[in-house]
Amino acid sequence: MTQPAAASDDRSAAPVGVAEPLVVMAGVNKHYGALHVLRDIDLTVHRGEVVVLLGPSGSGKSTLCRTVNRLETIDGGTITIDGVPLPEEGRALARLRSDVGMVFQSFNLFAHKTALENVVLAQVKVRKRSKQEAGAKARALLERVGLAAHADKYPAQLSGGQQQRVAIARALAMEPKLMLFDEPTSALDPETVSEVLDVIRALAADGMTMIVVTHEMGFARSAADRVVFMADGALVEESTPEEFFTSPTSDRARDFLAKVLHH
């Protein structure tokens, strides 16, 4: 039986169908020269939802993720975030980017700044917080990602997994409405992948809205509310993780799963 709409105040209990849309992509197209990398993308991500993008290399997953905060421009269609069309440039775009956290394959930390300083910097420069307030928030976030003891270390003194967790803390310090993860574990040693995925799982449990591009099938199965499978720049199918991994509807998805689940 469908829950009444009143239950939607509880993010964890709200059926996705009654949650408020946060990201709406409609008819989005993108070309690199003659290459059509995004084909008529229609995708809605609701508040508190974790959407995982899966698909073979070159399918357009990372490009789609990067269009959401306009790191990649689009040639056609519309993208709105929290009901507002994606700004093209200037201060409005800067404001939007401060509301949309992004974590990349590479960690992009400032090498000459400590972990703590990396998490403090944008809070002071963009959010105009005092250094004391920003420092307190940074320490709390480093503790949240399991790095309180490493606050004063420089990136070169940290493992890849630790650097990526600093990058996540830095994004969270801006109190974003949405987090984008573009293959956040692909540059990591296998033994450090799980420590980063555990942090992302904890964010999911806390109700953070997320779009995650990943090759980690176990994570997709356990953490996603919805799996979106892409191939050749198009959305081929989307469903719950259970449905996708047990009974995919398209030949492309079946072929993809046969390859990735048996290696």
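Structure: see above.
All figures in this text were calculated on a predicted structure; none of them were measured in a lab. (Residues numbered from 1 in each chain as written. Predicted model: local features only at pLDDT ≥ 70, side-chain atom pairs only at ≥ 80, totals over all residues. Heavy atoms only, no water.)

1. Here we look at the pattern of salt bridges
- Applying the stated criterion across every chain, the model contains 17 salt bridges.
- The partner of Arg226 in a salt bridge is Glu49, and the shortest N-O contact between them spans 2.8 Å. Of this pair, Arg226 sits in strand β9 (residues 226-231) while Glu49 sits in the loop between β2 (35-46) and β3 (50-54), and the two are 177 residues apart along the sequence. Here the two residues Arg226 and Glu49 agree in accessibility, since each one is buried.
- Residues participating in the shared-partner salt-bridge network are Glu20, Arg47, Asp82 and Lys177. (Salt bridge = Lys/Arg side-chain N within 4 Å of Asp/Glu carboxyl O. Helix = DSSP H or I, 4+ residues; strand = E, 2+ residues; numbered from the N terminus. Buried < 20%, exposed > 50% of the residue type's maximum accessible area, 1.4 Å probe, protein only.)

2. Let's talk about the nonpolar core
- Counting residues in hydrophobic clusters, the biggest one holds 51 residues, and the most contacted among them are Leu54, Ile168, Met179, Phe181 and Met210.
- Top element by residues in this core is helix α6 (residues 190-205). It accounts for seven residues.
- Every residue in contact with Ile168, bar those within four places of it in the chain, is listed here: Val103, Met179, Phe181, Val196, Val199, Ile200 and Leu203. (Core = buried A, V, L, I, M, F, W, Y, C linked by side-chain atoms within 4.5 Å. Contact = heavy atoms within 4.5 Å.)

3. Looking at the pairing of β2
- Strand direction decides the pairing type here: strand β1 (residues 21-32) and β2, joined by eight bridges, are antiparallel. For Lys30, the partnering residue across the bridge sits in β2 and is Leu38.
- Turn length for the β1-β2 hairpin, with the two strands adjacent in sequence and antiparallel, is two residues, and the turn residue Gly33 shows positive phi of about 60°. (Pairing = 2+ DSSP bridges.)

4. Topic: the environment of Asp99
- Turning to its location among the elements, Asp99 is positioned in helix α2 (residues 90-99).
- Here Asp99 is in contact with Arg127, Pro176, Lys177 and Leu178, once residues within four sequence places are set aside.

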